[in-house]
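Inside the fold
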Amino acid sequence: MTNMPADFQDEDEVEDFKPLTAQEASAWRSRFPQVSVWRIVMVQTLVGVIVALLSWLITGRAAAGWSAAYGALAVVLPAALFARGVVRQRPGGAGGAMAGIFGWELVKLVLCIAMLAAAPKLVPDLSWLALLVGLIVVMKTYWVALLVRSSVQKPIDI
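Residues numbered from 1 in each chain as written. Predicted model: local features only at pLDDT ≥ 70, side-chain atom pairs only at ≥ 80, totals over all residues. Heavy atoms only, no water.

Before going further, it helps to spend a moment on unusual backbone geometry. Positioned with a positive phi, D125 is a non-glycine residue whose angle comes to about 55°. Within the fold, D125 resides in the loop between helix 5 (93-122) and helix 6 (128-147). Residue D125 is classed as exposed on the basis of its relative accessible area, which comes to 54%. (Helix = DSSP H or I, 4+ residues; strand = E, 2+ residues; numbered from the N terminus. Buried < 20%, exposed > 50% of the residue type's maximum accessible area, 1.4 Å probe, protein only.)

Pasting the structure below:
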């Protein structure tokens, strides 16, 4: 039996682990490049504008378009603030990074809830249904943007 740290309970997992070489790591990074958080925020903004215009066209009411736009803004604005905070985060080790992410996520949630609470006062003739459609569609755009990012190259096995 080999000497293993107490953290590892399953010997099979430890024995199967093989660190990547520099070449393998470089190849992995080229197949799975990082996605810019600003690109995702821009895609969310574009989708928010489209949802607002569609809401206006489908219902024929400008108030529905403004409501959907405000719902989209309730996702995009906190997401942009979160992205800015995380990108500009000061180095402080792994624990500091996680604390920063959780802190900015809390700020994002509080701002989103505050914007939704202020919606009846800020949006004239508010349509809650259109607001929720804008909010949900833009919120789900984040996952779609990650799934269909065109820069991911699939490995070719010959």
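Don't stop here, the text continues.
All right, on to the packing of aromatic side chains then. Using the criterion set out here, one finds zero aromatic pairs in the structure. Positioned above the aromatic ring of F82, the side-chain terminus of K108 is 5.0 Å from the ring centre. (Phe/Tyr/Trp six-rings, centres within 6.5 Å; stacked < 30°, edge-to-face > 60°. Lys NZ or Arg CZ within 6 Å of the ring centre and 35° of its normal.)

Running from amino to carboxyl end, helix 3 (residues 37-59) crosses helix 4 (residues 62-87) at an angle of 175°, the nearest separation of the two axes being 7 Å. Between helix 3 and helix 4, the crossing angle belongs to the class labelled roughly antiparallel. Split by residue class, the contact of helix 3 with helix 4 holds 17 nonpolar, six polar and one charged. (Axes fitted to C-alpha atoms, helices over the stretch in contact; angles between N-to-C directions. Parallel < 35°, antiparallel > 145°, perpendicular 65-115°, else oblique. Nonpolar A, V, L, I, M, F, W, Y, C, P; charged D, E, K, R; others polar.)

Relative to the assigned elements, A80 resides in helix 4. Between the C-alpha atom of A80 and that of V37, which follows or precedes it by 43 residues, the distance is 8.5 Å. Not counting residues up to four positions away in its chain, the partners in contact with A80 are W38 and V41. (Contact = heavy atoms within 4.5 Å.)

Here the focus is a nonpolar patch on the surface. Taken together, the side chains of L46, I50, L54, L57 and I58 make up a nonpolar region of the molecular surface, amounting to roughly 550 Å² of accessible area. Residue placement: I58 occurs in helix 3. Assessed through its relative accessible area of 70%, I58 is described here as exposed. (Patch = residues over 30% accessible without salt bridge, like charges linked within 9 Å, V, L, I, M, F, W, Y side chains within 5 Å. Areas by Shrake-Rupley, 256 points an atom, 1.4 Å probe, with all protein chains shown as cover. Salt bridge = Lys/Arg side-chain N within 4 Å of Asp/Glu carboxyl O.)

On to the side chain of Q44, then. Along the polypeptide, Q44 turns up in helix 3. When near neighbours in sequence (up to four residues on either side) are disregarded, Q44 contacts V75, V76, A79, V138, M139, T141 and Y142.

A residue-level look at the chain finds 81% of positions with pLDDT of 70 or above and a mean pLDDT of 83. No element of the chain has a lower mean pLDDT than helix 1 (residues 11-16), which averages 60, and none a higher one than helix 4, which averages 94. (pLDDT = per-residue confidence, 0-100.)

What follows covers the UniProt feature "transmembrane region" (unreviewed entry) in the chain. The UniProt record annotates "transmembrane region" (unreviewed entry) at residues 37-58, 64-87, 99-120 and 126-148. Across residues 64-87 one finds 100% helix and 0% strand; the C-alpha atoms that close the span lie 34 Å apart. For residues 99-120, helix accounts for 100% and strand for 0%, while the C-alpha atoms at its two ends are 34 Å apart. (UniProt positions renumbered as here; feature names shortened; annotations may be inferred.)

Within the largest apolar cluster, 16 residues are counted, with the highest numbers of intra-cluster contacts made by V41, Y70, A119, L126, L131, L135 and V138. Residue assignment for this core shows that the elements contributing at least two residues are helix 4, helix 5 and helix 6. Residue contributions to this core peak at seven residues, all from helix 4. Residues within four places of V41 in sequence aside, it is in contact with V76, A79, A80 and A83. (Core = buried A, V, L, I, M, F, W, Y, C linked by side-chain atoms within 4.5 Å.)

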